[in-house]
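# Summary of the model geometry
Below, each chain spelled out in residue letters.
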Amino acid sequence: MLPAKSQVLPSRRDDRVILHFDYDCFYASVFEAENPTLKAEPLAVQQKQIIVTCNYEARRRGLRKLQLIKDARRICPDVIIVLGEDISRFRDASKTLYQFLRSFSWNDRAERLGFDEVWLDITDMIEYNISLLNPHDLVQSFFVLQKDDPTQGFAFNATCYAGPTVPDNASTNDEPLSLRLKLGSHLAFYIRTELERRTGYTSTVGISTSKLLSKLVGNMHKPKDQTTLIPPYACQEGQVSNVESFIDDYEIGKIPGIGSKLAHRIRQHILQHEPDFEKGLVYGETKENVTVKEVRLAEGMSPETLDKVLAGPGSPHGIGIKMWALLHGVDDTEVSFAKAVPSQISIEDSYIRLDTLPELLKQLKMLSCRLIERMRIDLVTSDDSRIRLPGKWLAHPKTIRLSTRPRLPLNPDGTRSRSFKRISHSAPLPNYVLSLTDNIDVLAERLVNDTLIAMFRKLHPEKAGWNLSLVNLAVTNMAEAGGESKTANGRDISSMFKRQESVHKEFTAYADEQSTPQAELVPRTKMEEGYSHLVDSTVELEDNSWVEEEDEDNERCGICGMSVPLFAMQAHMRFHEVDR
Ligand code: TTP
Ligand code: MG
């Protein structure tokens, strides 16, 4: 017997209109933007021995994302391959595009997921524009983009949707949600057309009432297109909810918010045996697919059952009801407010071998330079991108953290086991690092000599014998700059952080048994800025500093060593499976 849905489902927030943007073949588009002649050529972006993405000309000729370079060359001998190891150009492009999309927002709810996805909550714009509609002439409507200037906007036909819909027979439906989504679809069309006209980047957009549904539905028509999930959404007597019929065929591992381990446990429960990994996929999926519908309609399935199935050490409270909601396409998490500054900035590099002090000092100096440069770019007020002097700290970090990933000693048989364990040591960030008049090189040298070497010794007291596969340097614990209690938008930074954190937690709460906040949806930029480090234990030290042991993190592929964004790890592991 299924429980009465109204009793167990969190109320659905169908009063919102949310757009999800995904830039098409993002890394390749960044190179095309730098050199537009590449647009007509088959273009692929290489990291290690793999093509991480390729443009649509290359896809037309048979190439695809995550292919071996040698295969790509065989399939398309005239493919142009560019190196994508330096991700700063992608980060910079991502920032510019984000600022462009954000500029349309009235409420500043503009949330980035990694480099190439953005949500906009446009509810307020839609409501305002609905209030302006002339019900006698909906065909010739005008969408106002700025409240204080009613001439700024575009003409549109409010009787129909812009672009494709799901289901694709956009039958007339009079409910208010239908009108809201129609307006949402026209705004989506306008923004993505403007994005392309002004920046050259194309995107794919999903339009619905939640982050979950807008992200999923956007994928239906790629590239350079958009899709609206149309009503009815509500599950009333005699009505089929389009939300449920849309989400029903998805494999549970494909639902954002259901992490790979949770999906695996649900599969085990439904199949009543260990899913067959032999022919399946290592990461989060197997050949034995289990759909959302199968889970939802399984005998005895309920939030309580899910709670039991998913219970484990560290399982978040209320996991059953959260999963139950997702299986019904219900996601009430908010699109978070645009960030004035990141909550952490981190820089790292990985090494085949790093086991001598002189080499370590060289690397620490190099990382310090990059870190300070990054701090000046991200945390100092100024409109210009690189030359920030003189500027003002919008917020400044109070803590510096050094993390290393030691290589394990050789096994007796001469092999070496892989380890992803990091150890970290944190200490107060010396004030002089915040000088905006000193040369970055000089500051970095001083930071290494009077702080980082001592921190390194805490982690590796032994003079020799260590060998590192990774070094990460991060600044954390951001504080408002003196006297600057408001951001440019008049918002208090610290309360903004709190709000952002709670929102991020909401979206990443469906973590796996280690009780770590690492879920499928940890954004790439967050990972890169150090958001994804997973603190396992904290040991107080006497000198106002502390050592942290961090849990496993997945940013480096264990098979090929490529640095893979967390969001992309599933796709990446699939690549290895196919390749075997
Ligand atoms: P995606 O959005 O998966 O791909 P895409 O934007 O290139 O293509 P699509 O048009 O299908 O959306 O990933 C965004 C970027 O992330 C992509 O351009 C390259 C990078 N990436 C990696 O670095 N490693 C990976 O394993 C994957 C899958 C992507
Ligand atoms: Mg993309």
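Notes on the structure follow. Residue indices begin from 1 for each chain and proceed along its sequence in written order. Chain letters start at A and ligand numbers start at 1, both assigned in the order the entries are written. Per-residue local features of the predicted model are confined to residues with pLDDT of at least 70, and side-chain atom pairs are confined, for both listing and counting, to 80 or more; whole-chain, interface and lining totals are unaffected and use all residues. In computing side-chain values, all of the structure's heavy atoms are included and hydrogens and water are not.

Two strands pair under a simple rule: DSSP has to find at least two bridges between them. Only DSSP runs of H or I reaching four residues or more are called helices, and only runs of E reaching two or more are called strands; each is numbered from the N terminus. Taken in spatial order, the four strands of this open sheet run β4-β3-β2-β5, and their pairing is mixed. Where the open sheet ends on each side, the last strands, each with one partner, are β4 (67–68) and β5 (80–83). Of the strand pairs in this sheet, strand β2 (residues 43–47) and β5 are connected by four bridges, and their pairing is parallel. In the sheet register, Ala44 faces β5, and the bridge partner there is Ile81. Note on contacts: a residue pair qualifies if any of its non-hydrogen atoms lie within 4.5 Å across the two residues. The axes are straight lines fitted to the C-alpha atoms, using for helices just the contacting stretch, and the angles between their N-to-C directions are given from 0 to 180°. Contacts between helix α2 (residues 26–34) and the sheet are confined to β2, β3 (50–54) and β5, with β2 contributing the most and set at about 115° to the helix.

This part takes up the pairing of strand β17 (residues 422–428). Buried residues dominate β17, accounting for six of its seven residues. With six bridges joining them, strand β16 (residues 395–406) and β17 adopt antiparallel strand pairing. Bridged to Leu402 within β17 is His425. In this scheme, a residue with accessible area under 20% of its type's maximum is buried, one over 50% is exposed, and one in between is partly exposed, where area comes from a 1.4 Å probe on protein chains only.

Examined against the element boundaries, Thr209 turns out to sit in the loop between β11 (203–208) and α8 (211–218). For Thr209 and Arg16, which are 193 residues apart along the polypeptide, the C-alpha to C-alpha distance reads 5.0 Å. Thr209 has contacts with Arg13, Asp14, Arg16, Ile18, Leu177 and Tyr233, leaving out every residue within four places of it along the chain. Here a polar contact means two N or O atoms within 3.5 Å. Within protein one must be a hydrogen donor candidate and the other an acceptor candidate, and residues neighboring in sequence count only if both atoms are side-chain atoms. A distance of 2.9 Å separates a polar atom in the side chain of Thr209 from a polar atom in the side chain of Asp14.

The next subject is the pairing of β2. Across the five residues that make up β2, a large majority, five, are buried. Burial along β2 is two-sided: Leu43, Val45 and Gln47 and Ala44 and Gln46, pointing in opposite directions, are all buried. Bridge analysis of β2 against β3 gives four bridges, and the strand direction is antiparallel. Its bridge partner being in β3, Gln47 is matched across the sheet by Ile50.

Another aspect to go through is the nonpolar core. Among the buried residues, those of types Ala, Val, Leu, Ile, Met, Phe, Trp, Tyr and Cys that are joined through side-chain atoms within 4.5 Å form a nonpolar core. Counting 78 residues, the largest nonpolar core has Phe26, Phe143, Ile255 and Ile258 as the members making the most contacts within it. In terms of residue count, helix α7 (residues 176–199) provides more of this core than any other element does, seven residues in total. Three or more residues apiece are contributed to this core by two domains, here domain 1 (18–246) and domain 2 (248–327). With sequence-adjacent residues up to four places away left out, Phe26 is seen in contact with Phe90, Ala93, Ser94, Leu97, Phe115, Asp116 and Tyr201. Core analysis: the next-biggest nonpolar cluster, separate from the first, contains 40 residues, Leu360, Leu379, Leu434 and Leu468 among them. The domain boundaries here were taken from an automatic or database domain assignment.

With that settled, consider the packing of aromatic side chains. Within 6.5 Å between ring centres, the rings of Phe, Tyr and Trp (the latter by its six-membered ring) count as paired, and their orientation is classed by plane angle as stacked under 30 degrees, edge-to-face over 60, tilted in between. For the structure shown, the criterion picks out 14 aromatic pairs. Ring pairing ties together the aromatic residues Tyr23, Phe26, Tyr27, Phe31, Phe90 and Tyr201, which thus form one cluster. Only lysine NZ and arginine CZ atoms are considered, and such an atom sits over a ring when it is within 6 Å of the ring centre and within 35 degrees of the ring normal. A cation over a ring is seen here: Arg109 above Phe337, with NZ or CZ 4.2 Å from the ring centre. One Lys or Arg, Arg112, reaches over the ring of Tyr98 and ends 5.4 Å from the middle of that ring.

This paragraph deals with the coordination of the magnesium ion (ligand 2). Atoms are scored as donors when they are N, O or S and lie within 2.8 Å of the metal, with 3.2 Å used for Na, K and Ca; no water is included, so coordination may look incomplete. The magnesium ion (ligand 2) binds to the protein through Asp22 (OD), Tyr23 (O) and Asp116 (OD), with metal-donor distances spanning 2.2 to 2.4 Å. By the criteria applied here, four donors are tetrahedral when all angles lie between 85 and 135 degrees, four are square planar and six octahedral when opposite donors are over 155 degrees apart and every other angle lies between 65 and 115, and any other arrangement is irregular. Classification of the site at the magnesium ion (ligand 2) as octahedral follows from its six donor atoms and the range of 78 to 171° in their angles at the metal. Within one chain, the residues serving as donors to the magnesium ion (ligand 2) are arranged as D-Y-x92-D. Highlighted residues: Tyr23 in strand β1 (residues 18–23) and Asp116 in the loop between β6 (110–113) and β7 (117–121), separated in sequence by 93 residues. The pair formed by Tyr23 and Asp116 is uniform in burial state, with each residue classed as buried.

Salt bridge, as used here, is a side-chain nitrogen of Lys or Arg placed within 4 Å of a carboxyl oxygen of Asp or Glu. One pass over the full model with this rule turns up 29 salt bridges. Note that Glu194 and Arg198 form a salt bridge whose closest N and O atoms lie 3.5 Å from each other. Of the two residues, Glu194 and Arg198 are both situated in helix α7; the distance of four residues between them amounts to about one turn of the helix. Residue Glu194 is classed as buried on the basis of its relative accessible area, which comes to 8%. Overall, Arg198 belongs to the exposed group, its relative accessible area being 55%. The network of salt bridges with common partners includes Arg13, Asp15, Arg16, Arg109 and Glu334.

A few words on the packing of helix α14 (residues 357–379) against helix α15 (residues 440–459). Any two packed helices are characterised by how steeply their axes cross, that is the angle between the axes, and by the distance between the axes. As a packed pair, α14 and α15 sit with axes 8 Å apart at the nearest point and diverge in direction by 125°. Classified by the angle between their axes, α14 and α15 sit oblique to one another. The interaxial crossing formed by α14 with α15 has right-handed handedness. Here α14 contributes Leu357, Leu360, Leu361, Leu364, Lys365, Ser368, Cys369, Ile372, Glu373 and Arg376 to the contact with α15, which in turn contributes Ile440, Asp441, Leu443, Ala444, Glu445, Leu447, Val448, Leu452, Ile453, Phe456 and Arg457. Here the residues of the contact of α14 with α15 sort into 14 nonpolar, one polar and six charged. An angle below 35 degrees is treated as roughly parallel, one above 145 as roughly antiparallel, one from 65 to 115 as roughly perpendicular, and anything else as oblique. Crossings are sorted by hand: turned counterclockwise from the far helix by less than a right angle, the near helix makes the crossing left-handed, and turned clockwise it makes it right-handed. Only Asp, Glu, Lys and Arg are considered charged, only Ala, Val, Leu, Ile, Met, Phe, Trp, Tyr, Cys and Pro nonpolar, and every remaining residue, Gly among them, polar.

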